[in-house]
Amino acid sequence: GENGVGGRAVRVGTRRSQLARIQTDSVVEMLRELHPDLRFEIVAMSTTGDKILDTALSKIGEKSLFTKELENALERNEVDLVVHSLKDLPTSLPPGFTIGAVCKRENPLDAVVFHPKNCGKTLSLLPEKSVIGTSSLRRAAQLKKKFPQLEFRDIRGNLNTRLKKLDEKEDFSAIILAAAGLKRMGWENRIGQLLSPEDCLYAVGQGALAVEVRAKDQEILNMVSALQDADTVLCCIAERAFMKRLEGGCSVPVAVNSMLKDGQLYLTGAVYSLDGSDSLRETMQTSVNYPPQNEDGPNDDVQHVGITAKNVPGQAQEAAENLGVELASLLLSKGAKHILSVARQLNDA
């Protein structure tokens, strides 16, 4: 048909998991509303992270665990855009790629899902030595400190697998998952407790969807930039800049909380030892209240930590990135590097 970009369908790459498909469908739905004349085709594929299920994520140490195969397809022109959970994307993308849109963020908090026999409880009400499942060093480090009476153990697999392991076996009293994923799957009723930022700061980019494209593909870049949510983009630029400056990845406990209010961007960032006994946490803020500029100049496609946000004022993006860098520098000046390198060594061991 003559109705695709250049007379072809727009091909959208995604992971095969049910959650990935739901997330991709929601992005395609928004694009269809904006471009009813275009044809969209979804191309699902398996990634390394989907195949290696017997090893903790933090031990595999490969940054692009859930993204590499999708990026290869993008590079070979087999797909035109790829939908990811933003938190799966490293802070530095391979050359030639950019995040062309960050969609409006779902609730970024972590949630506790309890074994049916613990229904109605909270973490503090669980019996001593209860086992909590999480594959995240960040969650475990924060919760070990707050709930020393509980035990934390690795649990892998997609959401369906993890919930099945929880419900059908007696191994876990509860598991910790991102509230956003549960909500998108329609399993909000399983959330027994939402962890406030006081209990548990969340992962960089958690709850936000990213649309990755070829950096030089102006047509697709323009098309997806309409999905950009300005507040989410600024929060996520600050969070990613914080992580990048700390050189944090899956293998160290780094956590954030960000908020945009009345033109002020607030960022809280923290680093933890693996057992949570050692930690640094600070909050900073900056103004991101800038008018949109006429930015049709040569610096049209400046990337900030891998994100090209065409319709968000450049000065605001710069301020957000600087905020993340400055907050990380503050933590580094207080000894964050030592905490992280010990955590990395212990985790590698």
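Every chain's residues receive numbers from 1 upward, in the order its sequence appears when written. pLDDT decides what is reported in this predicted model: residues at 70 or higher carry local features, side-chain atom pairs at 80 or more are listed and counted, and totals for whole chains, interfaces and linings draw on all residues regardless. Excluded from the side-chain calculations are hydrogens and water; all other atoms, namely the structure's heavy atoms, are used.

### Concerning the sheet that holds strand β11 (residues 254–261)
Right, so step 1: Taking strand neighbours across the sheet as the criterion, the three strands line up as β11-β12-β13 in an open arrangement whose pairing is antiparallel. Each of the sheet's edge strands pairs with one partner strand only, and the pair in question is β11 and β13 (279–287). Averaged over neighbouring strand pairs, the angle between their axes works out to 10° when direction is ignored.
Right, so step 2: As paired strands, β11 and strand β12 (residues 264–272) are joined by eight bridges and run antiparallel to one another. Across the sheet, residue Val-256 finds its bridge partner in β12, namely Gly-269.
Right, so step 3: We call two residues in contact when some of their heavy atoms are within 4.5 Å. Only C-alpha atoms enter the line fits that serve as axes; for helices the fit covers just the stretch in contact. Angles between N-to-C directions range over 0 to 180 degrees. Numbering of helices and strands starts at the N terminus; helices are DSSP runs of H or I of at least 4 residues and strands are runs of E of at least 2. Against the sheet, helix α9 (residues 230–246) contacts β11 and β12, and its axis sits at roughly 150° relative to β11.
Right, so step 4: Across the sheet, helix α10 (residues 314–333) touches β12 and β13, and the angle it forms with β13 is around 150°. One requirement defines pairing of two strands: DSSP has to find at least two bridges between them.

### Some details on the pattern of salt bridges
Right, so step 1: Think of a salt bridge as a Lys or Arg side-chain nitrogen and an Asp or Glu carboxyl oxygen that are within 4 Å of each other. Across all of its chains, the model carries 16 salt bridges by this definition.
Right, so step 2: Among the salt bridges present, the one from Arg-15 reaches Asp-88, with a minimum N-O distance of 3.4 Å. In this pair, Arg-15 sits in strand β1 (residues 10–15) while Asp-88 sits in the loop between β3 (81–85) and β4 (97–102), placing the two residues 73 residues apart along the sequence.
Right, so step 3: Across the pair Arg-214 and Asp-217 runs a salt bridge whose closest N-O atoms are separated by 3.3 Å.

### Here we look at the nonpolar core
Right, so step 1: Residues grouped as a nonpolar core are buried Ala, Val, Leu, Ile, Met, Phe, Trp, Tyr and Cys residues, joined through side-chain atoms within 4.5 Å. Only protein chains enter the accessibility calculation, which uses a 1.4 Å probe; a residue whose area is less than 20% of its type maximum is buried, one above 50% is exposed, and one in between is partly exposed. Membership of the largest hydrophobic core comes to 51 residues, with the highest contact counts inside it found for Phe-242, Leu-246 and Val-271.
Right, so step 2: Mapped by element, the contributors of at least two residues to this core are α4 (68–75), β4, α9, β11, β12, α10 and α11 (336–348).
Right, so step 3: Broken down by element, the residue count for this core peaks at ten residues, all from α9.
Right, so step 4: When near neighbours in sequence (up to four residues on either side) are disregarded, Phe-242 contacts Val-254, Ala-255, Val-256, Leu-267, Gly-269, Ala-270, Gly-324, Val-325, Leu-327, Ala-328 and Leu-331.

### What about α9?
Right, so step 1: For a helix, the expected span equals 1.5 Å multiplied by the number of residues minus one. In this model, α9 (17 residues) spans 25 Å end to end at C-alpha, consistent with the 24 Å of a helix rising 1.5 Å per residue.
Right, so step 2: Counting buried residues along α9, 13 of its 17 residues qualify, which places the element largely inside the surrounding structure.
Right, so step 3: Glu-247 sits one or two residues past α9 and shows a positive phi near 55°.

### Thoughts on the environment of Thr-14
Right, so step 1: Relative to the elements of secondary structure, Thr-14 occurs in strand β1.
Right, so step 2: With relative accessibility at 0%, the residue Thr-14 sits in the buried group.
Right, so step 3: Along the sequence, Thr-14 and Leu-81 sit 67 residues apart, while their C-alpha atoms lie 9.0 Å from each other.
Right, so step 4: Look past the residues within four positions of Thr-14 in its chain and what remains in contact with it is Ala-20, Arg-21, Thr-24, Ile-42, Val-43, Ala-44, Met-45 and Leu-70.
Right, so step 5: Think of a polar contact as two N or O atoms within 3.5 Å of one another; within protein, one of them needs to be a possible hydrogen donor and the other a possible acceptor, and neighboring residues in sequence only count if both atoms come from side chains. Among the polar contacts listed, one links the side chain of Thr-14 to the backbone oxygen of Ala-20, at a separation of 3.4 Å.

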